[in-house]
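Close look at the chain arrangement
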Amino acid sequence: MSARVAIGIDLGGTNLKVALVDSAGTIVARAARRLADGQPSGEIIDTMVSLSRQLMLEAHLDKADVVGVGVGSPGPLSSRRGMIIKAANLAGWENVAVRDLLSEILGKPVVLDNDGNAAAFGEFWAGANRDGHDLVLLTLGTGVGGGIVLGGNILHGHFENAGEIGHSIVEPRGRACTCGKLGCLEQYASASAVVRRALGGVKAGKASALSGLVDRGDEVTAQTIATLAGDSDAWCEQVWDETCFYLAVACVNIQHAFNPARVLLGGGLACAGEQLIDGVRNHFSAMSWTLHDDFPEIQLASLGYDAGVIGAAGLAWQALGAGGD
Ligand SMILES: [Zn+2]
């Protein structure tokens, strides 16, 4: 097997992850650094370069063994222009030409894409379901991110902002979203939103075992809500069921807009596993039509927190038109 690798870089709000990934989508070496608040973009780019070089040394690889570099980053950004326009949670990132800067220093072609898109491409390219079928990924974490892979390519859209399914409206007069609209999916189905809704109800007087946990100062996560729902805590059951319902609404809309073979659910909320998948599937079956049997498989994503670096590297392999030569 070839020793050639692509460098995958996942730039998060608080962490920078770098990995060397072979043409089969396997991580050969990896490193991560915590980012300081307000760290200047130049310093972060220098860290991307030094971590990449360090990994190459550790893996006994030369520059000639590296086919290219893929970077996944929060946006908004322009993949076409290789530029981060403004990165949420990263102070001072405005109009940074990451692609050209990195390419100049490393002497390799660089591809830049949105972090959700990179993760979706990772699942498509190297996940458990790598059969080339169209997929949509929803990452249910602090917010709801994701991406759409159709015909083997990420769908970017004319304005390069496709795949923002977290801001699709599932309840037109619903909860206020940070984006300024009402009723976005993100306000119902992110891991943070589930905790917020459950605790909000307890504060407003809903009877739940959650109140005991809150009184003791215990940490409450989405998994806590899922566990209590599984233990027949009525309020947590209600919150959990609503969460699955709104995700099913999104899946029906995804079915009709993109008609993918599968919708994958990942991120913190997906730690609940089959409890989440079964809940979403049940609501989906009750809501979806009977005119055609064009139903996407709703499944768990398989790459976890590695999806970003693997997908970013996969994009570099794809840009070569190869996937391994
Ligand atoms: Zn929104």
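Quantities reported herein were computed from a predicted structural model and do not represent experimental measurements.

1. Description of the overall build of the protein
- Regarding its fold elements, the protein presents ten helices and 13 strands.
- In terms of overall dimensions, the protein is globule-like: its C-alpha atoms have a radius of gyration of 20 Å, near the 20 Å expected for 325 residues.
- For the protein, the proportion of its 325 residues judged to be buried stands at 51%.
- For the protein, restricting intrachain contacts to residue pairs at least 6 apart in sequence, the fraction spanning at least 24 positions comes to 63%.

2. Digging into the domain arrangement of the protein
- In terms of domain boundaries, the protein breaks down into domain 1 (5-125 + 305-319) and domain 2 (132-301).
- With 16 residues of domain 1 in contact, the opposing surface of domain 2 contributes 20 residues.
- For the pairing of domain 1 and domain 2, the buried interface totals around 1,300 Å² over both sides, and the portion due to carbon and sulfur atoms is 55%.
- When residues of domain 1 are sorted by the area they lose upon contact with domain 2, Asn 117, Glu 123 and Phe 124 head the list and together hold 40% of the total.
- Here domain 1 and domain 2 share one salt bridge between them.

3. Observations concerning the sheet that holds strand β7 (residues 94-96)
- Reading across from one edge, β5-β6-β7 is the order of the three strands in this open sheet, with antiparallel pairing throughout. Two strands lie at the open edges of the sheet, namely β5 (77-78) and β7, each paired on one side alone.
- Strand direction decides the pairing type here: strand β6 (residues 83-86) and β7, joined by two bridges, are antiparallel. Across the sheet, residue Ile 84 finds its bridge partner in β7, namely Val 96.

4. Regarding the sheet that holds strand β2 (residues 15-22)
- Taken together, the five strands give an open sheet; going across it, the order is β3-β2-β1-β4-β8, and neighbouring strands pair in mixed fashion. A strand with exactly one partner marks an edge of an open sheet, and here the two such strands are β3 (27-34) and β8 (110-114). With strand direction ignored, the average angle separating the axes of adjacent strands in the sheet is 15 degrees.
- Two elements, strand β1 (residues 5-11) and strand β4 (residues 66-73), share six bridges in a ladder whose sense is parallel. Pairing of Ile 7 across the sheet is with Val 69, part of β4.
- Across the sheet, helix α3 (residues 115-126) is in contact with β2, β4 and β8; its angle to β8 comes to roughly 105 degrees.

5. Describing the environment of Leu 247
- Residue position: Leu 247 is located in helix α8 (residues 234-258).
- By relative accessible area, Leu 247 is classed as buried at 0%.
- A sequence separation of 59 residues divides Leu 247 from Tyr 188, and the C-alpha atoms of the two residues are 8.2 Å apart.
- If we skip the residues at most four places from it in the chain, Leu 247 touches Leu 138, Leu 140, Leu 185, Ala 189, Leu 269, Leu 276 and Val 280.

What counts and what doesn't
- Residues numbered from 1 in each chain as written.
- Predicted model: local features only at pLDDT ≥ 70, side-chain atom pairs only at ≥ 80, totals over all residues.
- Heavy atoms only, no water.
- Helix = DSSP H or I, 4+ residues; strand = E, 2+ residues; numbered from the N terminus.
- Rg over C-alpha atoms; globule rule 2.2 N^0.38 Å.
- Buried < 20%, exposed > 50% of the residue type's maximum accessible area, 1.4 Å probe, protein only.
- Contact = heavy atoms within 4.5 Å.
- Domains from an automatic or database assignment.
- Buried area = accessible area lost by both parts, 1.4 Å probe.
- Salt bridge = Lys/Arg side-chain N within 4 Å of Asp/Glu carboxyl O.
- Pairing = 2+ DSSP bridges.
- Axes fitted to C-alpha atoms, helices over the stretch in contact; angles between N-to-C directions.

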